[in-house]
Amino acid sequence: DPVVTAVRELREETGYEGKKARVLGKVFANPAILTNTCHTILVENCLPKHPVQWDSGEDLITRLVLLDEVPDLVAAGTIRHSLVVVALHHLDLWRRGLK
């Protein structure tokens, strides 16, 4: 289940936990050569509640930014991973009531 997986990964990789987890959208990462589906999950009201539990080889930094700063970060190329950008688009659609 994508929601269960997202909640677990959020906790393990960031230490955060929240409420009302749900799917905002899904895309095919690269359907020309892959068969996987990437789901965008929204988890609201997140707070740091647990120590991180990284897998071998994971080296992550959690950086909190204001939601209003996100478009500038995408425009500047600071956020440039295609699946993250599409997740942010799903979030924007949801915020505008289109999802």
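Everything below is about the structure shown above.
Let me sum up the structure you'll find in this document. All of these numbers come straight from a predicted model, not from anything done at the bench.

Note on placement: Val23 falls in strand β1 (residues 16-28). Since its relative accessible area comes to 42%, Val23 is described here as partly exposed. Val23 sits 18 residues away from Ile41 along the chain, and the two C-alpha atoms are 4.5 Å apart. Apart from the residues lying within four places of it in its own chain, the contact partners of Val23 are Val3, Thr40 and Ile41.

Next up on the list: the environment of His89. Tracing the backbone shows His89 in helix α3 (residues 82-95). We classify His89 as partly exposed; its relative accessible area is 42%. Sequence separation of His89 and Pro71 is 18 residues, and the distance between their C-alpha atoms is 9.9 Å.

For the rest of this paragraph, the subject is α3. If you check α3, its first and last C-alpha atoms are 20 Å apart, about what 14 residues at 1.5 Å a residue would give, namely 20 Å. Here α3 has its buried residues at His90, Leu91 and Leu93. Take α3 and look down its axis: the buried residues cluster within an arc of 160°, on one side only. Against β1 and β2 (37-48) lie the buried residues of α3.

Okay, a nonpolar patch on the surface next. A cluster of nonpolar residues, Val52, Trp54 and Leu60, forms a patch on the protein surface that exposes about 240 Å² of accessible area. Secondary-structure assignment places Trp54 in the loop between β2 and α2 (70-75). On the accessibility criterion, Trp54 (38% relative accessible area) is partly exposed.

Each value, and the rule that gives it
- Residues numbered from 1 in each chain as written.
- Predicted model: local features only at pLDDT ≥ 70, side-chain atom pairs only at ≥ 80, totals over all residues.
- Heavy atoms only, no water.
- Helix = DSSP H or I, 4+ residues; strand = E, 2+ residues; numbered from the N terminus.
- Buried < 20%, exposed > 50% of the residue type's maximum accessible area, 1.4 Å probe, protein only.
- Contact = heavy atoms within 4.5 Å.
- Expected span 1.5 Å × (residues − 1).
- Arc of directions from axis to C-beta.
- Patch = residues over 30% accessible without salt bridge, like charges linked within 9 Å, V, L, I, M, F, W, Y side chains within 5 Å.
- Areas by Shrake-Rupley, 256 points an atom, 1.4 Å probe, with all protein chains shown as cover.
- Salt bridge = Lys/Arg side-chain N within 4 Å of Asp/Glu carboxyl O.

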